[in-house]
Amino acid sequence: MRSGRHAIVCRIQGEVKDGPGHVGGAGYAARMTLVSFACGHGAAPSDVGAITLRRACPLCMLLHETHRTRGELLGRVASSSRSALASETRLGAVYPWVCERGHDRYQATVIDVLTGPSCPKCIRNAQSPTVSREGGVASMNAGLRTRTSLTEQRLRALLEERIRVPRGVNTVRINRMFYGKQEVWPDILVPALRIAIEYDDPGRSRRAHLGLKEASDREKDDALGEVGWEVIRVRAGGLESIGPNSIVCASLTADVADRIVARMVELRSADAVDALRVGVAPARQAEA
Ligand SMILES: [Zn+2]
Ligand SMILES: [Zn+2]
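Below is a short write-up of the structure. Because the structure is a prediction, the values reported are computed rather than measured.

## A short note on the sheet that holds strand β10 (residues 230–235)
Strand pairing in a sheet relies on backbone hydrogen bonds, with the paired strands running either antiparallel or parallel.
Working step 1: Taken in spatial order, the four strands line up as β8-β9-β10-β11 in an open sheet, and their pairing is mixed. With partners counted over all chains shown, the strands left at the sheet margins are β8 (188–190) and β11 (246–248), one partner each. Direction aside, the axes of adjacent strands within the sheet are offset by 20 degrees on average.
Working step 2: By the bridge criterion, three bridges tie β8 to strand β9 (residues 195–200) in an arrangement that is antiparallel. Residue pairing across strands places Leu189 opposite Ala196, the latter belonging to β9.

## Remarks on unusual backbone geometry
Working step 1: Backbone geometry places Arg194, a non-glycine residue, at a positive phi of 50 degrees.
Working step 2: Relative to the helices and strands, Arg194 is located in the loop between β8 and β9.
Working step 3: Among the residues examined, Arg194 registers 18 C-beta atoms within 10 Å and is labelled partly exposed.
Working step 4: In this structure, Ser269 takes a positive phi of about 110 degrees despite not being glycine.
Working step 5: Mapped onto the elements of the fold, Ser269 is located in the loop between α12 (254–268) and α13 (270–274).

## Digging into the sheet that holds strand β5 (residues 138–139)
Working step 1: Spatially, β5-β6-β7 is the arrangement adopted by the three strands of the open sheet, whose pairing is antiparallel. Since the sheet does not close on itself, it has two edges, and those belong to β5 and β7 (181–184), each with one partner.
Working step 2: The pairing of β5 with strand β6 (residues 171–178) spans two bridges and is antiparallel. Across the sheet, residue Ala138 finds its bridge partner in β6, namely Val172.

## Here we look at the environment of Ala142
Working step 1: With respect to the element layout, Ala142 can be found in the loop between β5 and α9 (150–160).
Working step 2: Residue Ala142 is classed as exposed on the basis of its 6 C-beta neighbours within 10 Å.
Working step 3: The sequence separation of Ala142 and Asn170 amounts to 28 residues, and the corresponding C-alpha distance is 8.6 Å.

## Details of α12
Working step 1: If you check α12, its first and last C-alpha atoms are 21 Å apart, about what 15 residues at 1.5 Å a residue would give, namely 21 Å.
Working step 2: Turning to α12, its buried residues are Val256, Ala257, Ile260 and Met264. What you see down the axis of α12 is that its buried residues fit within an arc of 100 degrees, all on one side. The exposed set on the far side of α12, more than 90 degrees from its buried face, consists of Ala254, Asp255, Ala262 and Glu266.
Working step 3: Buried positions along α12 lie against α9, β9, β10, β11 and α13.
Working step 4: Positive backbone phi, approximately 110 degrees, marks Ser269, located one or two places after α12.

## Overview of the pairing of strand β3 (residues 94–97)
Both faces of the sheet carry side chains from a regular strand, because those side chains alternate between them.
Working step 1: Side chains of β3 alternate between two faces, with Tyr95 and Trp97 buried and Val94 and Pro96 left unburied.
Working step 2: As defined by bridge partners, β3 adjoins strand β4 (residues 106–109) across four bridges and the pair is classed as antiparallel. Looking across to β4, one finds that Pro96 is bridged to Gln107.

## Considerations on the pairing of β10
Working step 1: Taken across its six residues, β10 has six buried, putting it largely inside the fold.
Working step 2: Side chains Glu230, Ile232 and Val234 of β10 all project onto a buried face; the interleaved residues Val231, Arg233 and Arg235 project onto the opposite face, where all are buried too.
Working step 3: Relative to β10, β9 runs parallel, the two sharing six bridges. Bridge assignment links Ile195 to a residue of β10, and that residue is Glu230.
Working step 4: Looking at chain direction, β10 and β11 are connected through three bridges and run parallel.

Parameters at a glance
- Residues numbered from 1 in each chain as written.
- Chains lettered and ligands numbered in written order.
- Predicted model: local features only at pLDDT ≥ 70, side-chain atom pairs only at ≥ 80, totals over all residues.
- Pairing = 2+ DSSP bridges.
- Helix = DSSP H or I, 4+ residues; strand = E, 2+ residues; numbered from the N terminus.
- Axes fitted to C-alpha atoms, helices over the stretch in contact; angles between N-to-C directions.
- Buried ≥ 20, exposed ≤ 12 C-beta atoms within 10 Å, placed from the backbone.
- Expected span 1.5 Å × (residues − 1).
- Arc of directions from axis to C-beta.
- Contact = placed C-beta atoms within 7 Å.

As structure tokens, this is what we get:
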């Protein structure tokens, strides 16, 4: 968790450092007020000495990446700090927060609240033995905000021509927190094999930051690995392989689905995958 979160913060701060005026290092906090961000936070562009960056502020960038809104954060902060947080730009700023489960008020940074467990009592509860026994269990979270692209639907359809892919599951319970939740929601889940399939392409990644998304993808893969899952990533549109489970392709074709199934066999065994095959030859069914 720490290393992943650190990578995300560095990436966002790196983005800011790249800008004109070299905002960073020890002078970062002191000079924040002189930076005007594209989201409208920070200094006014007309302020004397203000540096104008054509980027959203670090906090707006992280909200975007984690699919959260500032309104959601404002609903969690102690009411006396609401107006300060409304225009906050820094990820490391400390605020008093109200636990949504009714625990005591606590102090934490904005990034801790957005990317991890931040209430001390909730952290202790998440570490209890009961919780870790549920790690790896797939289930349906009906309240999940899902964005299924046409490409993801096509990938699922191609896989369904080959193996049985259940539609009633969309999340996997993990043993750590990932963006404030103890579950991850990969594109496609095959619980019988403990394999998740993700579709990555530059078009989709452009909605956030490529580097930022890759850091969080790696963290998601690690979290699934801890609970015995493998993640097969279809890497389309020029994205490079990021490991033995990457299926690199120019576009989504039947061949890609065949390669995914072949990788499943390598990871889990032919027998395990055969048990899920659809349209199995009659001779084989008779043997079974
Ligand atoms: Zn902003
Ligand atoms: Zn709590």
